[in-house]
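In case you want the letters, here they are:
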Amino acid sequence: MTNIKRSFLLTIGCTVVFCSAQAQINGVDDVKKSLQTTNRDTVAWVYGGVFNIGANEGFLHNWAAGGELASFSVNSIFSGHLDRLNNQDIWSNNLDMTYGLNYTYSTAFLPHKTDDRIDFTSKFGHRLNDSVNFYFTGLFNFKSQFTKGYDYTMPRWDTASTSKFLSPAYFTIALGMEYRKGSDISLFLSPVAGRLTIADKYYTSQSPQGAFGVPYNKTTYYQLGAYFSGRYVYNINKNTVYKTRVDLYSNYLAKDTKDSTGKVVKRDDPGNVSVLFDNLLSWKISKFLNITLGATFIYDNNIPYSKTYVDKATGQVLPKDDPGKDLGWLQIKQVFTLGMEYKF
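Keep in mind it's a predicted model, so treat the numbers as computed, not measured.

(A) Expanded view of the overall build of the protein chain. Assigned secondary structure in the protein chain consists of three helices and 18 strands. Every one of the 344 residues in the protein chain was classed for burial, and the buried ones make up 40%. Expressed as a percentage of contacts within the protein chain between residues at least 6 apart in sequence, the contacts between residues at least 24 apart total 61%.

(B) A look at the environment of Leu 276. Take Leu 276: it is sitting in strand β13 (residues 274-284). Distance in space between the C-alpha atoms of Leu 276 and Asp 247 is 5.0 Å, their sequence separation being 29 residues. The contact partners of Leu 276, leaving out residues within four places of it in the chain, are Arg 117, Asp 119, Lys 143, Arg 245, Val 246, Asp 247, Thr 296, Phe 297 and Ile 298.

(C) The nonpolar core, seen in detail. If you look at the biggest cluster of nonpolar residues, it comprises seven residues: Tyr 170, Ala 199, Tyr 203, Ala 211, Phe 212, Val 214 and Tyr 221. Discounting chain neighbours no more than four positions away, the residues touching Tyr 221 are Arg 195, Leu 196, Thr 197, Gly 213, Val 214, Pro 215, Asn 251 and Asn 302. In this structure, Ala 174, Ala 193, Tyr 227 and Tyr 249 belong to the second largest nonpolar core, which totals six residues.

(D) Just unusual backbone geometry, in detail. In the segment running from Ser 167 into Pro 168, the intervening peptide bond is cis, with an omega of 5°. By the element assignment, Pro 168 lies in the loop between β6 (134-144) and β7 (169-181). Positioned with a positive phi, Asn 87 is a non-glycine residue whose angle comes to about 55°. Along the chain, Asn 87 falls in the loop between β3 (70-86) and β4 (89-104). Take Asn 87: its relative accessible area is 37%, and that puts it in the partly exposed class.

(E) Expanded view of the packing of aromatic side chains. Counted under the stated rule, the structure contains 16 aromatic pairs. Look at Tyr 150 and Trp 157: their rings are 5.4 Å apart centre to centre, the planes differ by 75°, and that puts the pair in the edge-to-face class. You can call Tyr 150 partly exposed: its relative accessible area is 27%. Residue Trp 157 is classed as buried on the basis of its relative accessible area, which comes to 18%. Both rings, one in Tyr 227 and one in Tyr 249, keep their centres 6.3 Å apart while their planes meet at 55°; by these two values the pair is tilted. Linking Tyr 227 in strand β9 (residues 220-237) with Tyr 249 in strand β10 (residues 240-251), this pair joins segments that are 22 residues apart in sequence. The class for Tyr 227 is buried, based on a relative accessible area of 2%. An aromatic cluster is defined as three or more aromatic residues linked by ring pairs; in this entry it consists of Tyr 150, Tyr 152 and Trp 157. Cation over ring: Arg 195 sits above Tyr 249, and NZ or CZ is 4.1 Å from the ring centre.

(F) Summary view of empty space enclosed by the protein. Per the counting criterion, the structure on display carries four cavities of 30 Å³ or more. Considering only enclosed or pocket space, the largest cavity measures out at about 60 Å³ in volume. Gln 223, Tyr 249, Ser 250, Asn 251, Asp 268, Asn 272, Ser 274, Asp 300, Asn 301 and Asn 302 together form the lining of the largest cavity.

What counts and what doesn't
- Residues numbered from 1 in each chain as written.
- Predicted model: local features only at pLDDT ≥ 70, side-chain atom pairs only at ≥ 80, totals over all residues.
- Heavy atoms only, no water.
- Helix = DSSP H or I, 4+ residues; strand = E, 2+ residues; numbered from the N terminus.
- Buried < 20%, exposed > 50% of the residue type's maximum accessible area, 1.4 Å probe, protein only.
- Contact = heavy atoms within 4.5 Å.
- Core = buried A, V, L, I, M, F, W, Y, C linked by side-chain atoms within 4.5 Å.
- Phe/Tyr/Trp six-rings, centres within 6.5 Å; stacked < 30°, edge-to-face > 60°.
- Lys NZ or Arg CZ within 6 Å of the ring centre and 35° of its normal.
- 1 Å grid on protein atoms, 1.4 Å probe; cavity = no way out; pocket = protein on both sides within 12 Å on 5 of 7 lines; lining within 4 Å.
- Points joined across faces, edges and corners; volume = space filled by probe spheres on them.

Structure follows, in C-alpha coordinates:
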(Lines give C-alpha, C1' and ligand atoms only; values in the text may rest on other atoms or scores of the structure.)
Protein backbone atom coordinates (compact mmCIF):
# COMPACT_ATOMS: atom_id res chain seq x y z
CA MET A 1 0.00 0.00 0.00
CA THR A 2 1.40 3.41 -0.98
CA ASN A 3 2.07 6.20 1.53
CA ILE A 4 -0.76 8.20 -0.07
CA LYS A 5 -3.26 5.39 0.49
CA ARG A 6 -2.07 4.81 4.05
CA SER A 7 -2.34 8.52 4.85
CA PHE A 8 -5.78 8.71 3.23
CA LEU A 9 -7.03 5.74 5.27
CA LEU A 10 -5.56 7.32 8.41
CA THR A 11 -7.43 10.52 7.65
CA ILE A 12 -10.72 8.65 7.13
CA GLY A 13 -10.08 6.73 10.34
CA CYS A 14 -9.57 9.97 12.24
CA THR A 15 -12.81 11.28 10.76
CA VAL A 16 -14.72 8.23 12.03
CA VAL A 17 -13.06 8.00 15.43
CA PHE A 18 -12.95 11.70 16.19
CA CYS A 19 -16.47 12.61 15.04
CA SER A 20 -17.24 15.84 16.86
CA ALA A 21 -18.74 15.52 20.29
CA GLN A 22 -19.16 17.25 23.60
CA ALA A 23 -19.41 15.09 26.69
CA GLN A 24 -20.95 16.14 29.99
CA ILE A 25 -22.54 14.20 32.86
CA ASN A 26 -25.65 15.10 34.77
CA GLY A 27 -24.94 16.99 37.93
CA VAL A 28 -21.44 18.13 36.96
CA ASP A 29 -22.11 21.67 38.16
CA ASP A 30 -23.22 20.38 41.54
CA VAL A 31 -20.05 18.30 41.91
CA LYS A 32 -17.90 21.26 40.87
CA LYS A 33 -19.53 23.42 43.51
CA SER A 34 -18.97 20.78 46.17
CA LEU A 35 -15.22 21.30 45.78
CA GLN A 36 -15.66 24.85 46.98
CA THR A 37 -17.50 24.00 50.20
CA THR A 38 -16.66 22.20 53.43
CA ASN A 39 -18.25 18.98 52.14
CA ARG A 40 -15.85 16.13 52.97
CA ASP A 41 -18.06 13.34 51.62
CA THR A 42 -17.90 13.96 47.87
CA VAL A 43 -16.95 10.79 45.97
CA ALA A 44 -17.53 10.98 42.22
CA TRP A 45 -16.12 10.88 38.71
CA VAL A 46 -16.35 14.10 36.69
CA TYR A 47 -15.62 14.01 32.98
CA GLY A 48 -16.13 16.20 29.95
CA GLY A 49 -14.60 17.17 26.66
CA VAL A 50 -14.95 18.30 23.09
CA PHE A 51 -14.25 16.21 19.97
CA ASN A 52 -14.08 18.18 16.76
CA ILE A 53 -13.59 17.21 13.14
CA GLY A 54 -13.69 19.53 10.17
CA ALA A 55 -12.93 19.02 6.48
CA ASN A 56 -12.55 21.20 3.39
CA GLU A 57 -12.66 20.17 -0.28
CA GLY A 58 -12.15 22.15 -3.46
CA PHE A 59 -12.12 21.51 -7.25
CA LEU A 60 -11.35 23.84 -10.15
CA HIS A 61 -11.55 23.35 -13.93
CA ASN A 62 -10.79 26.04 -16.50
CA TRP A 63 -11.11 28.59 -13.69
CA ALA A 64 -10.10 32.01 -15.02
CA ALA A 65 -8.90 33.30 -11.64
CA GLY A 66 -6.61 30.31 -11.20
CA GLY A 67 -5.96 28.32 -8.05
CA GLU A 68 -5.31 24.82 -6.76
CA LEU A 69 -7.06 22.39 -9.13
CA ALA A 70 -8.11 19.96 -6.41
CA SER A 71 -7.57 19.94 -2.66
CA PHE A 72 -8.77 18.25 0.49
CA SER A 73 -7.93 18.95 4.12
CA VAL A 74 -9.05 17.61 7.46
CA ASN A 75 -8.45 18.83 11.03
CA SER A 76 -9.34 17.03 14.23
CA ILE A 77 -9.20 18.26 17.83
CA PHE A 78 -9.80 16.47 21.11
CA SER A 79 -9.71 18.18 24.50
CA GLY A 80 -11.02 16.28 27.50
CA HIS A 81 -10.71 15.78 31.23
CA LEU A 82 -11.39 12.99 33.70
CA ASP A 83 -11.39 13.74 37.45
CA ARG A 84 -11.80 11.49 40.48
CA LEU A 85 -13.04 13.19 43.64
CA ASN A 86 -12.56 11.25 46.87
CA ASN A 87 -13.22 13.31 49.99
CA GLN A 88 -10.16 15.55 50.42
CA ASP A 89 -8.28 14.04 47.47
CA ILE A 90 -8.61 14.77 43.78
CA TRP A 91 -7.05 12.98 40.82
CA SER A 92 -7.38 15.00 37.62
CA ASN A 93 -6.37 14.07 34.06
CA ASN A 94 -6.33 16.31 30.98
CA LEU A 95 -5.67 15.10 27.43
CA ASP A 96 -5.29 17.37 24.40
CA MET A 97 -4.74 15.90 20.93
CA THR A 98 -4.77 17.46 17.46
CA TYR A 99 -4.07 16.16 13.97
CA GLY A 100 -4.47 17.66 10.52
CA LEU A 101 -3.57 16.77 6.93
CA ASN A 102 -3.73 18.65 3.63
CA TYR A 103 -3.82 17.07 0.15
CA THR A 104 -3.41 19.04 -3.09
CA TYR A 105 -3.27 18.17 -6.79
CA SER A 106 -0.05 20.18 -7.31
CA THR A 107 1.80 17.90 -4.86
CA ALA A 108 0.34 14.68 -6.35
CA PHE A 109 -1.87 14.50 -3.26
CA LEU A 110 1.10 13.72 -1.03
CA PRO A 111 -0.20 14.55 2.46
CA HIS A 112 1.23 17.62 4.16
CA LYS A 113 0.79 17.64 7.91
CA THR A 114 -0.79 20.83 9.25
CA ASP A 115 -1.20 19.89 12.92
CA ASP A 116 0.05 17.16 15.27
CA ARG A 117 0.06 17.17 19.06
CA ILE A 118 -0.26 14.89 22.09
CA ASP A 119 -0.37 16.56 25.52
CA PHE A 120 -1.33 14.62 28.66
CA THR A 121 -1.33 15.92 32.25
CA SER A 122 -2.16 13.91 35.37
CA LYS A 123 -2.28 15.46 38.85
CA PHE A 124 -3.03 14.05 42.30
CA GLY A 125 -3.74 16.54 45.06
CA HIS A 126 -4.67 16.47 48.75
CA ARG A 127 -6.72 19.35 50.09
CA LEU A 128 -5.04 21.09 53.02
CA ASN A 129 -8.26 21.78 54.94
CA ASP A 130 -11.98 22.31 54.43
CA SER A 131 -11.91 26.10 54.38
CA VAL A 132 -9.43 26.66 51.53
CA ASN A 133 -9.07 25.53 47.92
CA PHE A 134 -5.36 24.76 48.18
CA TYR A 135 -3.95 21.29 47.49
CA PHE A 136 -0.55 19.68 47.95
CA THR A 137 -0.15 18.23 44.45
CA GLY A 138 2.06 15.97 42.39
CA LEU A 139 2.04 16.43 38.60
CA PHE A 140 3.06 14.37 35.57
CA ASN A 141 3.03 15.77 32.02
CA PHE A 142 3.84 14.13 28.67
CA LYS A 143 4.13 15.85 25.29
CA SER A 144 4.88 14.41 21.86
CA GLN A 145 3.31 13.88 18.41
CA PHE A 146 1.76 11.09 16.32
CA THR A 147 3.73 10.98 13.07
CA LYS A 148 6.85 12.29 11.33
CA GLY A 149 7.15 16.00 10.63
CA TYR A 150 8.79 17.68 7.63
CA ASP A 151 9.86 21.16 6.58
CA TYR A 152 7.87 21.53 3.36
CA THR A 153 9.69 24.73 2.39
CA MET A 154 12.89 22.76 1.83
CA PRO A 155 13.89 21.16 -1.50
CA ARG A 156 13.45 17.37 -1.39
CA TRP A 157 11.65 17.75 1.93
CA ASP A 158 10.42 14.14 1.87
CA THR A 159 13.96 12.74 2.11
CA ALA A 160 14.54 13.85 5.71
CA SER A 161 12.09 14.29 8.57
CA THR A 162 12.48 16.94 11.27
CA SER A 163 10.69 15.02 14.05
CA LYS A 164 8.61 11.91 14.78
CA PHE A 165 6.73 10.13 17.57
CA LEU A 166 8.85 10.32 20.77
CA SER A 167 11.43 12.48 18.97
CA PRO A 168 11.07 14.76 20.69
CA ALA A 169 9.12 13.69 23.76
CA TYR A 170 8.94 15.72 26.96
CA PHE A 171 8.30 14.27 30.42
CA THR A 172 7.76 16.54 33.43
CA ILE A 173 7.38 15.46 37.07
CA ALA A 174 6.74 18.13 39.71
CA LEU A 175 5.66 18.60 43.35
CA GLY A 176 4.03 21.79 44.53
CA MET A 177 0.93 23.67 45.60
CA GLU A 178 -2.23 24.02 43.56
CA TYR A 179 -5.18 26.36 43.84
CA ARG A 180 -8.35 24.80 42.43
CA LYS A 181 -11.84 26.21 42.11
CA GLY A 182 -14.07 23.44 40.89
CA SER A 183 -12.98 22.05 37.54
CA ASP A 184 -12.72 25.48 35.90
CA ILE A 185 -9.67 27.07 37.56
CA SER A 186 -6.33 25.42 38.37
CA LEU A 187 -3.12 27.27 39.31
CA PHE A 188 -0.15 24.98 40.02
CA LEU A 189 3.29 26.14 41.18
CA SER A 190 6.28 23.90 41.80
CA PRO A 191 9.75 25.03 42.94
CA VAL A 192 11.14 21.57 42.16
CA ALA A 193 10.22 20.15 38.76
CA GLY A 194 12.24 17.66 36.75
CA ARG A 195 11.94 17.57 32.96
CA LEU A 196 13.35 14.91 30.61
CA THR A 197 13.59 15.40 26.85
CA ILE A 198 14.30 12.42 24.62
CA ALA A 199 15.08 12.28 20.90
CA ASP A 200 16.60 9.95 18.34
CA LYS A 201 20.28 10.44 17.43
CA TYR A 202 19.18 10.91 13.82
CA TYR A 203 17.93 14.40 14.78
CA THR A 204 20.49 15.35 17.44
CA SER A 205 23.42 14.63 15.11
CA GLN A 206 22.26 17.06 12.40
CA SER A 207 23.86 20.18 13.94
CA PRO A 208 26.55 21.00 16.54
CA GLN A 209 23.97 22.25 19.06
CA GLY A 210 21.90 19.06 18.84
CA ALA A 211 18.11 19.25 18.60
CA PHE A 212 15.15 20.03 20.88
CA GLY A 213 17.64 20.88 23.65
CA VAL A 214 19.23 17.43 23.52
CA PRO A 215 23.03 17.77 23.04
CA TYR A 216 24.81 16.71 19.89
CA ASN A 217 24.59 12.95 19.20
CA LYS A 218 22.85 12.29 22.54
CA THR A 219 19.35 10.92 23.18
CA THR A 220 18.38 12.55 26.49
CA TYR A 221 18.48 15.96 28.15
CA TYR A 222 17.55 16.49 31.81
CA GLN A 223 16.43 19.74 33.41
CA LEU A 224 15.63 20.71 37.01
CA GLY A 225 13.75 23.91 37.63
CA ALA A 226 10.61 25.80 38.63
CA TYR A 227 7.30 25.12 36.91
CA PHE A 228 3.97 26.94 36.75
CA SER A 229 0.84 25.69 35.02
CA GLY A 230 -2.45 27.58 34.95
CA ARG A 231 -5.73 26.44 33.35
CA TYR A 232 -9.02 28.30 33.07
CA VAL A 233 -12.35 27.31 31.51
CA TYR A 234 -14.94 30.04 30.95
CA ASN A 235 -18.49 29.30 29.83
CA ILE A 236 -19.31 32.48 27.92
CA ASN A 237 -22.84 31.20 27.40
CA LYS A 238 -24.53 27.82 27.06
CA ASN A 239 -23.19 27.44 23.51
CA THR A 240 -19.74 29.01 23.79
CA VAL A 241 -16.76 27.80 25.85
CA TYR A 242 -13.28 29.33 26.10
CA LYS A 243 -10.33 27.34 27.47
CA THR A 244 -6.88 28.76 28.10
CA ARG A 245 -3.64 27.44 29.54
CA VAL A 246 -0.28 28.97 30.45
CA ASP A 247 2.84 26.90 31.26
CA LEU A 248 6.13 28.44 32.38
CA TYR A 249 9.39 26.58 33.06
CA SER A 250 12.76 27.88 34.25
CA ASN A 251 15.72 25.49 34.18
CA TYR A 252 18.04 25.98 37.18
CA LEU A 253 20.76 23.99 35.35
CA ALA A 254 20.72 26.06 32.15
CA LYS A 255 24.13 27.12 30.85
CA ASP A 256 25.89 27.84 27.58
CA THR A 257 26.52 24.86 25.29
CA LYS A 258 29.99 24.52 23.78
CA ASP A 259 31.36 22.29 21.05
CA SER A 260 34.55 20.19 21.26
CA THR A 261 36.71 23.25 20.51
CA GLY A 262 35.16 25.33 23.30
CA LYS A 263 33.11 27.50 20.98
CA VAL A 264 29.70 28.52 22.33
CA VAL A 265 27.03 27.07 20.00
CA LYS A 266 24.02 27.96 22.16
CA ARG A 267 23.59 30.51 24.93
CA ASP A 268 21.29 29.74 27.84
CA ASP A 269 20.65 30.60 31.50
CA PRO A 270 17.79 30.16 34.04
CA GLY A 271 16.30 33.46 32.89
CA ASN A 272 15.37 31.90 29.54
CA VAL A 273 11.89 30.85 30.64
CA SER A 274 10.04 28.42 28.36
CA VAL A 275 6.48 29.61 27.66
CA LEU A 276 3.38 27.78 26.40
CA PHE A 277 0.19 29.82 25.89
CA ASP A 278 -2.72 27.73 24.59
CA ASN A 279 -6.23 28.94 23.66
CA LEU A 280 -9.33 27.15 22.41
CA LEU A 281 -12.72 28.72 21.66
CA SER A 282 -15.64 26.39 20.86
CA TRP A 283 -18.95 27.78 19.60
CA LYS A 284 -21.97 25.55 19.01
CA ILE A 285 -24.02 27.18 16.24
CA SER A 286 -26.63 24.43 15.76
CA LYS A 287 -27.53 20.99 17.05
CA PHE A 288 -24.89 19.24 14.95
CA LEU A 289 -22.59 22.07 13.83
CA ASN A 290 -19.89 23.96 15.68
CA ILE A 291 -16.92 26.26 15.13
CA THR A 292 -13.58 25.84 16.87
CA LEU A 293 -10.83 28.45 16.88
CA GLY A 294 -7.47 27.62 18.42
CA ALA A 295 -4.21 29.50 18.87
CA THR A 296 -1.00 28.29 20.52
CA PHE A 297 2.13 30.33 21.20
CA ILE A 298 5.41 28.75 22.35
CA TYR A 299 8.80 30.19 23.20
CA ASP A 300 11.57 27.70 23.98
CA ASN A 301 15.25 28.57 23.95
CA ASN A 302 15.95 24.94 22.98
CA ILE A 303 14.09 25.37 19.67
CA PRO A 304 16.12 27.99 17.74
CA TYR A 305 15.11 29.51 14.41
CA SER A 306 17.28 30.55 11.49
CA LYS A 307 16.24 32.52 8.41
CA THR A 308 18.68 30.48 6.32
CA TYR A 309 19.52 26.85 5.66
CA VAL A 310 22.43 24.93 4.16
CA ASP A 311 21.71 23.13 0.89
CA LYS A 312 23.14 19.63 1.43
CA ALA A 313 23.74 19.17 -2.28
CA THR A 314 25.74 22.36 -2.89
CA GLY A 315 26.79 23.48 0.60
CA GLN A 316 25.38 26.95 -0.09
CA VAL A 317 23.67 29.02 2.62
CA LEU A 318 20.26 29.98 1.22
CA PRO A 319 17.33 32.02 2.62
CA LYS A 320 14.23 30.14 3.73
CA ASP A 321 10.96 30.68 1.89
CA ASP A 322 8.98 31.21 5.10
CA PRO A 323 6.18 33.83 5.41
CA GLY A 324 6.67 33.98 9.19
CA LYS A 325 10.46 34.30 9.20
CA ASP A 326 10.38 37.73 10.89
CA LEU A 327 8.69 36.26 13.98
CA GLY A 328 12.02 34.81 15.12
CA TRP A 329 12.07 32.01 17.70
CA LEU A 330 8.40 32.35 18.60
CA GLN A 331 6.41 29.25 17.62
CA ILE A 332 2.83 29.94 16.49
CA LYS A 333 0.01 27.61 15.54
CA GLN A 334 -3.48 28.79 14.56
CA VAL A 335 -6.38 26.55 13.51
CA PHE A 336 -9.97 27.17 12.46
CA THR A 337 -12.42 24.29 12.16
CA LEU A 338 -16.04 24.21 11.06
CA GLY A 339 -17.28 20.73 11.83
CA MET A 340 -20.01 18.39 12.91
CA GLU A 341 -20.97 17.81 16.52
CA TYR A 342 -22.64 14.89 18.25
CA LYS A 343 -23.68 15.37 21.87
CA PHE A 344 -23.93 12.52 24.35
